[in-house]
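Overview (structure and organization)
As a plain string of letters, each chain reads:
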2 protein chains.
Amino acid sequence: MTGKLVIIGTGPGNPDQMTPQALAAIGAGEQFFGYGPYLDRLELRPNQTRVASDNRQEIDRARAALDAASKGASVCVVSGGDPGVFAMAAAICEAVETGPETWRRLDIMVLPGVTAMLAVAARAGAPLGHDFCAISLSDNLKPWELIERRLRAVAQAGLVIALYNPISRARPWQLATAFKILREVLPVSTPVIFGRAVGRPDERFAVVPLGEADGQPADMATCVIIGSAETRIIARPGLDPLVYSPRGVEI
Amino acid sequence: MTGKLVIIGTGPGNPDQMTPQALAAIGAGEQFFGYGPYLDRLELRPNQTRVASDNRQEIDRARAALDAASKGASVCVVSGGDPGVFAMAAAICEAVETGPETWRRLDIMVLPGVTAMLAVAARAGAPLGHDFCAISLSDNLKPWELIERRLRAVAQAGLVIALYNPISRARPWQLATAFKILREVLPVSTPVIFGRAVGRPDERFAVVPLGEADGQPADMATCVIIGSAETRIIARPGLDPLVYSPRGVEI
């Protein structure tokens, strides 16, 4: 008997932003593996099993989920946002590559979702309207020197930058350091957008100029978008400004 | 009387990948502005007005939509994928900034969606599991030299690359040129993923090594993902391979 493994994303947090495809997969799943707070977002039936684990246990969680599927279960692995962006899909692939041969025969499916930067961008206007990149600021799995080099390279190349995992208790200094590096390349007026839990009741959202940006309003669940030199702010009377990156650029 | 303007994305094309939030906005809209084939995906009621325009008419379409909203209509601007990624949200912002003062008082809302690269990545495995970027290959709005410089910079920095608008009848040569440039930086074995209409009946999907990649299987609606030097392929007996970028990198 061979089971099935579906990797889904819950979207940014607002239930209205989870796709019907992901909702159907949740309805069909038997065993659910994920970080506790993401599993908490699902409405499971009593006969659906919940296997919660800590945020840092991704590869162990992936192996446990693959093991359950190989025993015949219909398994659902749950990420926040999109499962392919700094989330469980890559961890599952790593576990398959290094795991027993039988795991390669499993029916594995990844269902896309709305990743955090798209929700934060939509809340702000259109800051990702031009070429952009997504970089995880966590140095758990890559050296900090590489992150610094990438930040300089993409800022110099004129890309808008979305930062995931910007800060954590174990590394409180990295986001402020990233801003310092970016100030060497970008104008101090460049808009920086902080978005957390966008579209949920506990939303936090702020736009500040790069010259004044520090790590303050961010936590691990915040997505930070730093504009390019072209990114603009449209003031609107009585309304939030629109932050956007023009589609075109002239040199 | 002041109207309302909502900018939505239809997702990659599979109706199950459009968010309930976008579906609700469609239900509430009165006038719909968009590229014809995107409007064709909506099930509109007879009392909902459809204003289709050509793919290249983005700024004129944005102005027409804003004008309708300023006259009191409830307007829905429709993009494919996510409206903030190489789509209508930035065009609307540009039109607001350069338009009449009254447009700044409009209630404008952008609703995020699943952008093409996420659907193509999910189909392949997890190629966007590490730092990545999204670049439009169209030189309608930026010089080709800038595109070339960006491709070199991001490939050297180790980012996975998603290319939007990779080719069109007016510029058939650019995608092959992009591959040529990337071969100067990346191993010829680097996986290149072509995805079009993923999740729809007319899906086209292929994975080829960079050394053999040319512009052939792509058109304007294709999203092309080029791995980094770390991106890997897991062969699976009787199943499509999994293409993924490991979360970590060592130097």
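As the structure is a computational prediction, the values presented were derived from the model and not from experiment.

**Quick look at the overall build of chain A**
Helix and strand content of chain A: 7 helices and 13 strands. Against the compact-globule benchmark of 18 Å for 251 residues, chain A has a radius of gyration of 19 Å, which places it among compact chains. Expressed as lengths along the three principal axes of its C-alpha atoms, the size of chain A is roughly 60 × 40 × 35 Å. Taken over 251 residues, chain A has a buried fraction of 55%.

**Some remarks on the interface of chain B and chain A**
How big an interface is tends to be expressed through the accessible area that disappears when the partners come together. Tallying the contact residues gives 60 residues for chain B and 61 residues for chain A. Of all the secondary structure elements, the ones that give two or more residues to the side of chain B that touches chain A are helix 1 (20–28), helix 4 (88–98), helix 5 (116–124), strand 6 (125–126), strand 7 (132–136), helix 6 (144–156), strand 12 (232–236) and strand 13 (239–244) of chain B. The biggest single contributor to the side of chain B that touches chain A is helix 4 of chain B, with 7 residues. Taken together, the residues that form the side of chain B that touches chain A break down as 35 nonpolar, 12 polar and 13 charged.

**Observations concerning the relation of the copies chain B and chain A**
A rotation about an axis combined with a shift along that same axis relates the two copies of the chain. Mapping chain B onto chain A leaves a residual RMSD of 0.0 Å; the transformation is a rotation of 180° accompanied by 0.0 Å of translation along its axis. One copy is carried onto the other by what is essentially a two-fold rotation axis. Residue B:Cys133 of chain B places its C-alpha closer to the rotation axis than any other residue of that unit, at 1.9 Å. Of the residues that chain B buries at the interface, 100% are likewise interface residues in chain A, meaning the two copies contact each other through the same surface.

**A word on the sheet that holds strand 2 (residues 31–35) of chain B**
Residue and element names in this part refer to chain B. Across the sheet, which stays open at both edges, the 5 strands sit in the order 3-2-4-1-5 with parallel pairing between neighbours. Looking at which strands have only one partner, the edges of the open sheet turn out to be strand 3 (49–53) and strand 5 (107–110). Across the sheet, the axes of successive neighbouring strands diverge by a mean angle of 20°, strand direction being ignored. Relative to strand 4 (residues 74–79), strand 2 runs parallel, the two sharing 4 bridges. Bridge pairing in strand 4 places Gln31 opposite Val75. Those strands touched by helix 1 are strand 1 (4–9) and strand 4, and its axis lies near 140° from that of strand 1.

**With respect to the packing of helix 6 (residues 144–156) of chain A against helix 7 (residues 174–183) of chain A**
Residue and element names in this part refer to chain A. Contact geometry for helix 6 and helix 7: axes closest at 10 Å, N-to-C directions at 40°. As summarised for this structure, helix 6 and helix 7 are arranged oblique, according to the angle between their axes. As helix 6 runs across helix 7, the sense of the crossing is right-handed. Contacts between helix 6 and helix 7 involve Glu148, Leu151, Arg152 and Ala155 from the former and Ala178, Ile181 and Leu182 from the latter. When its residues are assigned to classes, the contact of helix 6 with helix 7 shows 5 nonpolar, no polar and 2 charged.

**What about helix 5 of chain B?**
An α-helical segment advances 3.6 residues per turn. Residues three or four places apart therefore align on the same side. Here helix 5 of chain B lies mainly inside the structure; 9 of its 9 residues are buried. Two residues or fewer past helix 5 of chain B, B:Gly125 is found with a positive phi of approximately 140°.

**Observations regarding the pairing of strand 13 of chain B**
All names here are of chain B. As defined by bridge partners, strand 6 adjoins strand 13 across 2 bridges and the pair is classed as parallel. Its bridge partner being in strand 13, Gly125 is matched across the sheet by Val243. Hairpin connection from strand 12 to strand 13: 2 residues lie between these consecutive antiparallel strands, with Gly238 at a positive phi of about 75°.

**Some points on the domain arrangement of chain A**
All names here are of chain A. Under the domain assignment used here, chain A contains domain 1 (4–110) and domain 2 (116–244). Distance from the C-alpha centre of domain 1 to the C-alpha centre of domain 2: 28 Å. Domain 1 puts 7 residues into the contact, and the matching count from domain 2 is 10 residues. Residues that form the side of domain 1 that touches domain 2 fall into these classes: 3 nonpolar, 4 polar and no charged.

**Notes on the nonpolar core**
Among the nonpolar cores identified, the biggest contains 172 residues, and A:Ile92, A:Cys133, A:Val154, B:Ile92, B:Cys133 and B:Val154 are the most heavily contacted of them. Those residues in contact with A:Val154 that lie beyond four places of it in its chain are A:Cys133, A:Leu159, A:Ile161, B:Cys133, B:Val154 and B:Ala157.

**Overview of helix 7 (residues 174–183) of chain B**
Residues and elements named next belong to chain B. Listed in full, the buried residues belonging to helix 7 are Gln174, Leu175, Ala178, Phe179 and Leu182. Here the buried residues of helix 7 occupy an arc of 140° about the axis, which is enough to place them on one side. Packed against the buried residues of helix 7 are helix 6, strand 8 (160–164) and strand 11 (222–226).

**Description of the packing of helix 3 (residues 58–70) of chain B against helix 4 of chain B**
Residues and elements named next belong to chain B. Between helix 3 and helix 4, whose axes approach to 8 Å, the crossing angle comes to 65°. What the angle tells us is that helix 3 and helix 4 run roughly perpendicular. Two packed elements cross with a definite hand, and for helix 3 against helix 4 that hand is right-handed. Contacts between helix 3 and helix 4 pair Glu58, Ile59, Ala62, Arg63 and Leu66 from the former with Met88, Ala91, Ile92, Glu94, Ala95 and Val96 from the latter. When the residues that make up the contact of helix 3 with helix 4 are grouped by side-chain class, the tally is 8 nonpolar, no polar and 3 charged.

**Topic: the sheet that holds strand 1 (residues 4–9) of chain A**
Residues and elements named next belong to chain A. Strand order in the open sheet made by the 5 strands is 3-2-4-1-5, with parallel pairing throughout. The open sheet has two edge strands, strand 3 (49–53) and strand 5 (107–110), and neither has a second partner. Here the average twist between neighbouring strands, direction ignored, is 20°.

**Things to note about unusual backbone geometry**
Residues and elements named next belong to chain A. One non-glycine residue, Phe86, adopts positive backbone phi at about 50°. Counting through the fold element by element, Phe86 comes out in the loop between strand 4 (74–79) and helix 4 (88–98). Of note in the backbone geometry, Ala197 takes a positive phi value of approximately 55° without being a glycine. Topologically, Ala197 is positioned in the loop between strand 9 (191–196) and strand 10 (204–209).

About the thresholds
Residues numbered from 1 in each chain as written. Chains lettered and ligands numbered in written order. Predicted model: local features only at pLDDT ≥ 70, side-chain atom pairs only at ≥ 80, totals over all residues. Helix = DSSP H or I, 4+ residues; strand = E, 2+ residues; numbered from the N terminus. Rg over C-alpha atoms; globule rule 2.2 N^0.38 Å. Buried ≥ 20, exposed ≤ 12 C-beta atoms within 10 Å, placed from the backbone. Contact = placed C-beta atoms within 7 Å. Nonpolar A, V, L, I, M, F, W, Y, C, P; charged D, E, K, R; others polar. Least-squares fit on C-alpha atoms with pLDDT ≥ 70 in both. Pairing = 2+ DSSP bridges. Axes fitted to C-alpha atoms, helices over the stretch in contact; angles between N-to-C directions. Parallel < 35°, antiparallel > 145°, perpendicular 65-115°, else oblique. Left-handed = near helix turned anticlockwise from the far one by under 90°. Domains from an automatic or database assignment. Core = buried A, V, L, I, M, F, W, Y, C linked by C-beta atoms within 7 Å. Arc of directions from axis to C-beta.

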